[in-house]
Amino acid sequence: MKIIKSGHVVEDQWVHLDDESTLQPGTMATVSLDRLEALTDEERQIPTSLGVRIRPGEDVNRLNNHIKRITLVVLAMNPFTDGRSFSQARILREQLGFQGEIRASGDFLRDQMYYLHRLGVDSFEFAEGTDLNDRLKAFTEFTVTYQAAQDEPQPLFRRRG
Amino acid sequence: MYQYDHHDQTIVNERAAQFRDQTRRFLAGELTEDQYRPLRLMNGLYIQRHAPMLRVAIPYGLLSSTQMRMFAHIARTFDRGYGHFTTRQNIQYNWPQLEQVPDILDCLASVQMHAIQTSGNCIRNTTSDHLAGVAADELEDPRPYCEIIRQWSTLHPEFAFLPRKFKIAVSGAERDRAATQVHDIGLQLVKNAEGRVGFEVLVGGGLGRTPIIGVVIRPFLEKEDLISYLEAILRVYNQLGRRDNKYKARIKILVKETGAEAFTRLVEEEWGLIRSSLKLDAQEIERVSKDFKTRQYAKLPATNAQVESLLTSDKEFAAWHRRNTVDHKSTGYRAVFISLKPHGKAPGDMTDTQMDAIAEIADRYSFGEIRVTHTQNLVLADVEAQKLPELWRELASLELATANVGTATDMITCPGLDFCSLANAASIPVANGIQSLFEDMDYLYDLGEIRINISGCMNGCGHHTVGHIGILGVDKKGEEWYQITLGGSSANEASLGERLGPSVARDEVTGVMEKIFLTFKELREGEESFLETVRRTGIEPFQERVYENH
């Protein structure tokens, strides 16, 4: 399946495991936050790329002890009007220092992608059949921002001139 | 006033273009109604009873004459020749066509205006004191901070989808004219023990279904920490505010359910993490502030013979002078209220002709600026006292000199059932009914200062809970009934009104008000205001009179 990553349409390598599935060596797999916390020491040693899926109501600070082991955090947005995912992205980047991939998936609008991108979300996964090239327009609608964020380290008041 | 540079201008231009495309996608079926709704709301567009309603921001209530002329142009070209000023320093147009709203936003952008975040679950227009910068009781002008907050909150990436709407008000004077205690965040400029000026921070006030007075969570905040502290409050709210029930989603409920102390701790913890990275530069405060310090006041005498003589010879001028003008910090100037409450008209409404005329008057009398008050009137803030007689005559010829500011007929009134799809009952006809009691203006002046606020439903857009007399429209088996409260106030000693008794039918409201006024006249001691009397006597004597035959 194709996704948008770092501003380009690319093929996605990740699989999303339910809580009953087992981790397979050599794969790229996401698990739920509960499952991540329940992984045994042996499971943690399996050579996989590991990702986690976070729902809007889950405390993203629970990832604090896992931040070095995981390379992808999927923000499972639903419904699109629930803005908690926006704070989750910001906390992941600015407070937990997460440097891997943050992905928006689930229910969100093209019109939210720019904000998510500003907060450090770098990939976007849509329902099958979505016109991804159309979605790419979301990143170019604004050329000026007031606030500092992941895409712009200084607020506008330090950049005026 | 604040002047956009090319950065600010680009943002409103690009926002207007974005909304044009969103509307095109909606009309083409690419966005569902559910998907389009929050997008249009964040550009001030509601779907109302008769037509869409567009709410335009007047940041902290300040307008240039050029902007006022654009309001007139929009009213004439896209609406039915009028606009409605609201309680939160916005203007609403009740009859635009959806397809034309992008064009209206382009018109607004051309005069440094917008409708960004005037609705929706996001940070709304920041409001302030309508006498900011000219009030004699002011510690510091709050408007530069309002503008800094406007910029910080505009298209803030993290806080566009909050649990519910979020309103901030800032006051810099001793007397709170910005209702800071009934806002999600109220900021009051204060001086600390060392003589530095900063902010007292209140959180969790609000009207609506669950009216609550805000609580102080930080007695003193340094100016440089303004943005980081706001951001900390918003982040705590965005994560923990309730999303399961829209009637419990405002920050006031979170503060109440968490407890003020525990809530404060959460904010302070979050603040500790971000404080150093979000400092506000002194240069930025200075840059924004200088746009508000452009006045060159003339050296004028404190009194003027012509004005003094007219005050004794013309009773109507004297009444207008007393009710509709107030002291100015600069000698020889006064601030003039333009009443948008002529008896028998919709409170807060203004025609395109009146708007154009006021723009022109502002150019001649008041440095080309106009303010909008949260009580739905306008202010010309910098008028030379010696020019008051001629200004008064000009305003009178426009039907804009009704000498009733602060009196019983200067009511705050929501649009009510006549326009609003949320309302249970009419508001405007009820206001007009009360106004009809005052054919004799001396009776009105005799009652002194009374704030009467009318809402057509419990969402409380007419701020009924903080009216000295509050009137709330309720639906009773398909009929319009009204609950009356006494003793509310949104000023310094803020309080919520107490319910007088069972609701009354629509055709009884005017009669009940007459009884309340009569009771007040009997109970009043000396020059007491209505609110002072109610606070002294309690509501019982009013209850006895109103319900004596029930």
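About the criteria used
- Residues numbered from 1 in each chain as written.
- Chains lettered and ligands numbered in written order.
- Predicted model: local features only at pLDDT ≥ 70, side-chain atom pairs only at ≥ 80, totals over all residues.
- Helix = DSSP H or I, 4+ residues; strand = E, 2+ residues; numbered from the N terminus.
- Rg over C-alpha atoms; globule rule 2.2 N^0.38 Å.
- Buried ≥ 20, exposed ≤ 12 C-beta atoms within 10 Å, placed from the backbone.
- Contact = placed C-beta atoms within 7 Å.
- Core = buried A, V, L, I, M, F, W, Y, C linked by C-beta atoms within 7 Å.
- Nonpolar A, V, L, I, M, F, W, Y, C, P; charged D, E, K, R; others polar.
- pLDDT = per-residue confidence, 0-100.

**Notes on the overall build of chain B**
The helix and strand inventory of chain B stands at 18 helices and 21 strands. A compact globule built from 550 residues would reach a C-alpha radius of gyration of about 24 Å, and chain B, at 23 Å, matches this within 12%. Its C-alpha atoms give chain B principal-axis dimensions of about 60 × 60 × 55 Å. The proportion of buried residues among the 550 residues of chain B is 54%. For chain B, contacts bridging at least 24 residues in sequence account for 67% of all contacts bridging at least 6.

**Remarks on the nonpolar core**
Membership of the largest hydrophobic core comes to 149 residues, with the highest contact counts inside it found for V73 and L75 of chain A together with M68, V201, I233, I338 and I358 of chain B. It is helix α6 (residues 226–240) of chain B that contributes the most residues to this core, 9 residues altogether. Those residues within four positions of I233 of chain B in sequence are excluded, and the remaining contacts are I185, V203 and V267 of chain B. Core analysis: the second largest hydrophobic core is formed by 41 residues, A425, A426, I450 and L472 of chain B among them.

**Things to note about the interface of chain B and chain A**
Many descriptions give the size of an interface as the accessible area lost when the pieces come together. Opposite the 26 residues of chain B that make contact, chain A presents 24 residues. Of all elements in the fold, only α1 (6–27), α2 (33–41), α5 (143–153) and α6 of chain B reach the threshold of two or more residues within the side of chain B that touches chain A. Looking at which element gives the most residues to the side of chain B that touches chain A, the answer is α1 of chain B, with 6 residues. Looking at side-chain class alone, the side of chain B that touches chain A contains 9 nonpolar, 10 polar and 7 charged residues.

**Examining the environment of L300 of chain B**
Looking at the element boundaries, L300 of chain B is found in the loop between α9 (282–290) and α10 (305–313). Setting aside its immediate chain neighbours within four residues, L300 of chain B contacts T331, G332, Y333, E384 and Q386 of chain B.

**Some details on the confidence of the model for chain B**
Scored by pLDDT, chain B has a mean of 96; 99% of the residues are at 70 or more. Reported confidence for the predicted complex is 0.97 by ipTM and 0.96 by pTM.

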